[in-house]
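Coordinate analysis (summary)
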Amino acid sequence: MLYMKSFLLFLSVFLLNFNFNVAFSLGNLTSPADDGLNGHFTDGSPNDVFKIGKNVIDCHINNVTAEVTTCENGLFNVLINFEHEATSDSFRINGNGVMYGHFAYADLPVLLEGLAANCETNYEFGIRDLEHEDCHSATGLGVVCCEGACEISNLVLATSDCAENNHHSLTIDFDVENPGNAYFDVWVNSVFRGNFLITALPLTLTMENTTQAYDHVLVCINDVDNCCIDGNIANPCYIVENCDISNVTAEVTTCENGLFNVLINFEHEATSDSFRINGNGVMYGHFAYADLPVLLEGLAANCETNYEFGIRDLEHEDCHSATGLGVVCCEGDCSITDLSLSASECNSDEDFLLTIDFNYDNPGNDLFELWFNGWYIGNFNLNTLPLTLAFENSGFQADTIIVCINDQEECCAVGIVNNPCNPSDICNIFELDANVMTCENDLFNVEIDFSHNHTSESFMIRGNDKNYGTYTYSNLPVLLEGLNADCETSYQFDIIDLGDESCRKSTELGKVCCSTTDITDPSSPAGNYYYSSESNRMNLDFKENLYDEVIVTFYNLLGQKVDQVKLQQVSGAKYLEVLSDDYIQFGKIDLFRKGKLAGSETVKIMKLR
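I will try to describe carefully the structure that is included in this document. (Residues numbered from 1 in each chain as written. Predicted model: local features only at pLDDT ≥ 70, side-chain atom pairs only at ≥ 80, totals over all residues. Heavy atoms only, no water.)

Describing the overall build of the chain
If you tally the helices and strands in the chain, you get 1 helix and 45 strands. By residue count, 42% of the 609 residues in the chain fall in the buried class. At a minimum sequence separation of 6, the contacts of the chain that also span at least 24 residues come to 59%. With an accessible surface of roughly 31,700 Å², the chain has 46% of that area assigned to carbon and sulfur atoms. (Helix = DSSP H or I, 4+ residues; strand = E, 2+ residues; numbered from the N terminus. Buried < 20%, exposed > 50% of the residue type's maximum accessible area, 1.4 Å probe, protein only. Contact = heavy atoms within 4.5 Å. Areas by Shrake-Rupley, 256 points an atom, 1.4 Å probe, with all protein chains shown as cover.)

What follows is the structure in structure tokens.
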């Protein structure tokens, strides 16, 4: 029963780390005798009344305000302020699925910078005390637009009939606000057609036959970034031919560590300029015929999926073909499956027996290694399985077991077993954040902050084979200064309690560059990332974005890293198999461009047996 209560407590804390964008309103707490807050969802659905219970504490946060201070070039800054009473020394701000960080009450008001004034997002900001989870409040800011931003709208494209000389006229018209100058640029099918006065609208151009069914027109205000509009129009001189895709081939190029790459090629005639590839419920992306053959990377060689690939022209839906690749296994790959952990009852000395067993393929040698809560136990012969060993009470309610084939770093399995000696107080480190504070002259400072309970007085910070020193918990947050921003080192930080070194937590910051050219906002990576329990896959749809590197890290119930997959030069849609033998709680997706972290996403999995 104690284990179940602790697990439910853990689960509730875990769920608090996920932000749900749900619109609702709250009533007023009329007196200290009230036992909760009444509210309702604002979508008008029936039975929408809910109540939030009141936790009787002295901590109060109220009168939250959010004031836009500057708004230009599509970005704005907002000043957050509020009143508070009987709080701790720090709080966090989040909203719209974004964690804006931890702050000290002494620093109020707090300025959040560089938010997108996209005229769409209904901004809200939630304030929560870092020690009193039930002490929180929120305010809504609404939709933000920067007045005076350049904007093109209502693009109108029209053509004449095809003339005898195989030419036609293209007429362009549009509306524009705040252009900043008197000129606009025109591209047709990526070819620059000239610079024209806005007063010349509507503009008519003479077009030669482009030998394609549709012409792509792009209009931009001269010398104004991001003030553009585009559209497609049928080419009246295009001669309709029978689009054909044939002789599709799929060839496995590399296959290792359970992943493979496949080269797709085919013949085509009278097609548009682009096509898409999909198969097995996965959209692999859009590609240009000029880029054939196309290499798809990082597919799961799980010895189960019967792979097939469909090709379809982007403009001619009836123009398509497909090929089957079949089941793919990486020959000779080492694997561990069916990890079984069985614990005896706790004896009077607070020891217990743990029996370990598993199946394996292609081990390459006769030995396996065993770790217990991060401690190396020893090297054992595979023919000793099932193996029974005695373990002391670890101080955890659940113990993490890792087995790896000797000298096979990627051939491992992780399992969790309930500790039969079941202590009442468990050291816990959670909500670990590492945030870059300053970055210049190829050096950066990083702030480390986290929550904790049942710890000793001090902890150690390690990472990348370096000891950053020991600190007291009372000095949190900790600022590490002068780290090398070399755009190559993928920084990781490990927090280890000095009284119980099995009490630890890790976080990955990734690669750091002081230059921010072409780097997107880390808080809002564009894409769609989710886990499907039916297919046992993590689906990654990067849409039209191209990332130099994507690192997907899987963590177990105790927040320890279970596995990590790295993908290079990725875009479009992909998926990753989630191993059924791992107790995986969530996956963290880090997106990199030009050596710098361009975005992060966390996907809930909770694969528990």
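There is more to say, and it comes next.
Focus on the sheet that holds strand 12 (residues 167–177)
Spatially, 11-12-15 is the arrangement adopted by the 3 strands of the open sheet, whose pairing is antiparallel. A strand with exactly one partner marks an edge of an open sheet, and here the two such strands are strand 11 (151–159) and strand 15 (203–208). Adjacent strand axes in the sheet meet at a mean angle of 25°, parallel and antiparallel pairs treated alike. Relative to strand 12, strand 11 is paired through 7 bridges, and the arrangement is antiparallel. Its bridge partner lying in strand 12, Ile152 is registered against Val176. (Pairing = 2+ DSSP bridges. Axes fitted to C-alpha atoms, helices over the stretch in contact; angles between N-to-C directions.)

Observations regarding the environment of Asn445
Mapped onto the secondary structure, Asn445 falls in strand 33 (residues 443–453). Note on Asn445: relative accessible area 17%, which makes it buried. C-alpha of Asn445 to C-alpha of Asn435: the two residues are 10 residues apart in sequence and 8.5 Å apart in space. Look past the residues within four positions of Asn445 in its chain and what remains in contact with it is Asn435, Val436, Met437, Thr438, Leu479, Leu480, Glu481 and Gly482. At 3.0 Å, the side chain of Asn445 forms a polar contact with the backbone nitrogen of Gly482. (Polar contact = N/O pair within 3.5 Å; in protein donor to acceptor, adjacent residues only side chain to side chain.)

Looking at the packing of aromatic side chains
Enumeration according to the criterion identifies 31 aromatic pairs in this entry. Where Phe266 meets Phe275, the ring centres are 5.0 Å apart and the plane angle is 85°; that geometry is what we call edge-to-face. The residues Phe266 and Phe275 share a single accessibility class, namely buried. For the pair Tyr284 and Phe309, a centre-to-centre distance of 5.7 Å together with 45° between the ring planes defines the contact as tilted. Residue Tyr284 is located in strand 21 (residues 282–288), and its partner Phe309 is located in strand 23 (residues 302–313); the two are separated by 25 residues in the primary sequence. In this pair, the class of Tyr284 matches that of Phe309, namely buried. Of the aromatic side chains, those joined through ring pairs into one cluster are Phe76, Tyr100, Tyr123 and Phe125. (Phe/Tyr/Trp six-rings, centres within 6.5 Å; stacked < 30°, edge-to-face > 60°.)

Comments concerning the nonpolar core
Ranked by size, the top nonpolar core spans 27 residues in total, and within it Ile277, Leu296 and Phe309 carry the most contacts. Of all the secondary structure elements, the ones that give two or more residues to this core are strand 18 (244–256), strand 19 (259–269), strand 20 (274–279), strand 21, strand 22 (294–300) and strand 23. Apart from residues no more than four positions distant in its own chain, Leu296 is found in contact with Phe260, Asn261, Val262, Ile264, Ile277, Tyr284, Phe287 and Phe309. (Core = buried A, V, L, I, M, F, W, Y, C linked by side-chain atoms within 4.5 Å.)

Brief notes about the sheet that holds strand 25 (residues 335–343)
Taken in spatial order, the 3 strands make up an open sheet running 25-26-29, and their pairing is antiparallel. Unpaired on one side and paired on the other, strand 25 and strand 29 (387–392) mark the two borders of the sheet. The mean angle between the axes of side-by-side strands here comes to 30°, regardless of whether they run parallel or antiparallel. Judged from the 7 bridges that link them, strand 25 and strand 26 (residues 351–361) form a sheet pairing that is antiparallel. The residue bridging Ile336 from the neighbouring strand is Tyr360, located in strand 26.

On their own, these measurements won't tell you what the molecule is for.
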